[in-house]
Amino acid sequence: MSSIASTTDTELGRDARRLPGDPDVWIFIFAELLMFGAFFVAYIVNWMGHREVYTAAQTTLDRSFGLINTIFLIVSSWSVVSALKAARANRPRHVAPFLGFAIALGISFMGVKYFEYSAKLDSGIDLTTDDFHMFYFCLTGIHLLHVIAGTVILIVCWTNARQGAYHRDNIRGLETGASYWHMVDLLWIFLFPLLYLLR
Amino acid sequence: MIVILRQPHHRTLLVLVLATAAAFWMRSDNLVGLGIGASTLAIAYWKGRLVILDFMELRHAPLIWRALIEGWLLLVCGLIFAFYAVGQGAL
């Protein structure tokens, strides 16, 4: 478990025990994790009291949408890691394509969410339908706002990368954007099983 | 394929995709019960830890930050599992 990936200090190109990116973004990330953690616990506590409602409502979700979006975010996170590795290896021209791929996957995530929300609203289901759908629309909606913000951050990084800005000696901005994007991925890793799978 | 998997982040990607497929399969095969739910949560915990350590690179971060984020993961997963088990009548 502990060694699926073991990025060495040599690969990182600097001393051990270093926080990637701007330390301030990690305070923000931790605050976001605490907020979503409270949402997750609130959801499961509410599930305890309304299991039948949740089980029936969950059947209206298309799990394939959730699966596709999970894969989109996982692959986009991998692509951002690949961009970082290219910058650290002093191959600045290889950074932008990886970021562009991650941005495309982020936009694809939004597209899937658009179809998912449209199907629900067209069939008369909204956040007032029942407790499950209240949580479903609120949690995925707040997460979607984070996907949009993360995609905008990646677009800024991509614009810089196209000008060759990221290389071994200038990596902090890219690390900061990458850390935020991985947080968006991490949050969805819990939203997917909570809303689509667990019953 | 084997050459590609020599890169740690490629291996992490493969494991994350396979774990996602496993969790999806468990649900789509209409398996039910505490064991299935617990397995789904365990997979989510494992995937989350891989993202934290390998993608967010906290494996090499100062210990306080690694402890904070991994602590969050453990706490949230523990609470979700505890309430889920109570809901299933197991606790």
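Here the structure is a predicted model, which means the values were calculated and not measured.

Cut-offs applied
- Residues numbered from 1 in each chain as written.
- Chains lettered and ligands numbered in written order.
- Predicted model: local features only at pLDDT ≥ 70, side-chain atom pairs only at ≥ 80, totals over all residues.
- Helix = DSSP H or I, 4+ residues; strand = E, 2+ residues; numbered from the N terminus.
- Rg over C-alpha atoms; globule rule 2.2 N^0.38 Å.
- Buried ≥ 20, exposed ≤ 12 C-beta atoms within 10 Å, placed from the backbone.
- Contact = placed C-beta atoms within 7 Å.
- Expected span 1.5 Å × (residues − 1).
- Nonpolar A, V, L, I, M, F, W, Y, C, P; charged D, E, K, R; others polar.
- Axes fitted to C-alpha atoms, helices over the stretch in contact; angles between N-to-C directions.
- Parallel < 35°, antiparallel > 145°, perpendicular 65-115°, else oblique.
- Left-handed = near helix turned anticlockwise from the far one by under 90°.
- pLDDT = per-residue confidence, 0-100.
- Core = buried A, V, L, I, M, F, W, Y, C linked by C-beta atoms within 7 Å.

**As for the overall build of chain B**
Okay, step 1: From N to C terminus, chain B includes three helices and zero strands.
Okay, step 2: Ordered by position in the sequence, the α and β elements of chain B form the string α-α-α.
Okay, step 3: Relative to a compact globule of 91 residues, whose C-alpha radius of gyration would be 12 Å, chain B shows 16 Å and is clearly more extended.
Okay, step 4: Judged by the C-alpha coordinates and their principal axes, chain B covers about 45 × 35 × 10 Å.
Okay, step 5: A burial count over chain B gives 37% of its 91 residues as buried.
Okay, step 6: Counting contacts in chain B only where the partners sit at least 6 residues apart, residues at least 24 apart contribute 57% of the total.

**Re the overall build of chain A**
Okay, step 1: The helix and strand inventory of chain A stands at seven helices and zero strands.
Okay, step 2: The N-to-C order of helical and strand elements in chain A reads α-α-α-α-α-α-α.
Okay, step 3: Of all 199 residues assigned to chain A, the portion counted as buried reaches 41%.
Okay, step 4: Pairs at least 24 apart in sequence give 81% of the contacts found in chain A among residues at least 6 apart.

**Quick word on helix H2 (residues 23-49) of chain A**
The periodicity of an α-helix, 3.6 residues per turn, causes residues three or four positions apart to be oriented the same way.
Okay, step 1: The end-to-end C-alpha separation of H2 of chain A is 40 Å, in line with the 39 Å expected for 27 residues at 1.5 Å each.
Okay, step 2: Buried within H2 of chain A we find Trp26, Ile29, Phe36, Phe40, Tyr43, Ile44 and Trp47 of chain A.
Okay, step 3: Of the surrounding elements, those touching the buried residues of H2 of chain A are helix H3 (51-58), helix H6 (131-162) and helix H7 (172-197) of chain A together with helix H3 (63-87) of chain B.

**Concerning unusual backbone geometry**
Okay, step 1: Of note, asparagine 90 of chain A is a non-glycine position whose phi angle comes to about 60°, a positive value.
Okay, step 2: Here asparagine 90 of chain A lies in the loop between helix H4 (63-88) and helix H5 (95-122).
Okay, step 3: Taking the number of C-beta atoms within 10 Å as the measure of exposure, asparagine 90 of chain A has 12 and is therefore exposed.
Okay, step 4: The phi angle at glutamate 57 of chain B is positive, at roughly 65°, despite the residue not being glycine.
Okay, step 5: Along the chain, glutamate 57 of chain B turns up in the loop between helix H2 (34-55) and H3.

**A closer look at the interface of chain B and chain A**
Okay, step 1: Counting residues at the interface gives 42 residues for chain B, matched by 44 residues for chain A.
Okay, step 2: Within the residue set of the side of chain B that touches chain A, elements represented by two or more residues are helix H1 (8-28), H2 and H3 of chain B.
Okay, step 3: A per-element tally of the side of chain B that touches chain A places H1 of chain B first, with 13 residues.
Okay, step 4: For the side of chain B that touches chain A, a count of residues per class yields 27 nonpolar, nine polar and six charged.

**Some details on the packing of H4 of chain A against H7 of chain A**
Residue and element names in this part refer to chain A.
Okay, step 1: Contact pair H4 / H7: the axes reach a minimum separation of 10 Å and the direction vectors enclose 160°. The orientation of H4 with respect to H7, classified from their angle, is roughly antiparallel. As for the relative orientation of H4 and H7, their crossing is left-handed in sense. Side by side, H4 and H7 meet where Arg63, Gly66, Asn69, Thr70, Leu73, Ile74, Ser77, Val80, Ala83, Leu84 and Ala87 of the first sit next to Leu174, Glu175, Ala178, Trp181, His182, Val184, Asp185, Trp188, Phe192 and Tyr196 of the second.
Okay, step 2: Of the residues belonging to the contact of H4 with H7, the class tally is 13 nonpolar, five polar and three charged.

**Describing H6 of chain A**
Okay, step 1: Across its 32 residues, H6 of chain A extends 46 Å between first and last C-alpha, which sits within 8% of the 46 Å expected from 1.5 Å per residue.
Okay, step 2: Just beyond H6 of chain A, the residue with positive phi is glycine 164 of chain A, at close to 75°.

**A few points about the packing of H2 of chain A against H3 of chain B**
Okay, step 1: Between H2 of chain A and H3 of chain B, the least distance of the axes is 9 Å, while the angle of their chain directions is 5°. Taken together, the axes of H2 of chain A and H3 of chain B lie roughly parallel to each other. Residues Trp26, Phe30, Leu33, Leu34, Gly37, Phe40, Val41, Ile44, Val45, Trp47 and Met48 of chain A of H2 of chain A pack against Trp65, Leu68, Ile69, Trp72, Val76, Leu79, Ile80, Phe83, Tyr84, Val86 and Gly87 of chain B of H3 of chain B.
Okay, step 2: For the contact of H2 of chain A with H3 of chain B, the class distribution of residues is 20 nonpolar, two polar and no charged.

**What about the confidence of the model for chain A?**
Okay, step 1: Within chain A, residue pLDDT values average 92, and 92% of them lie at 70 or more.
Okay, step 2: Confidence drops under pLDDT 50 across residues 5-14 of chain A; counting only partners more than four residues distant or on other chains, this segment forms 18 contacts.

**Regarding the nonpolar core**
Note on soluble globular proteins: their nonpolar side chains tend to be buried together.
Okay, step 1: Counting 78 residues, the largest nonpolar core has Ala83, Val95 and Leu99 of chain A as the members making the most contacts within it.
Okay, step 2: When residues in this core are grouped by element, the largest group, 17 residues, is from H7 of chain A.

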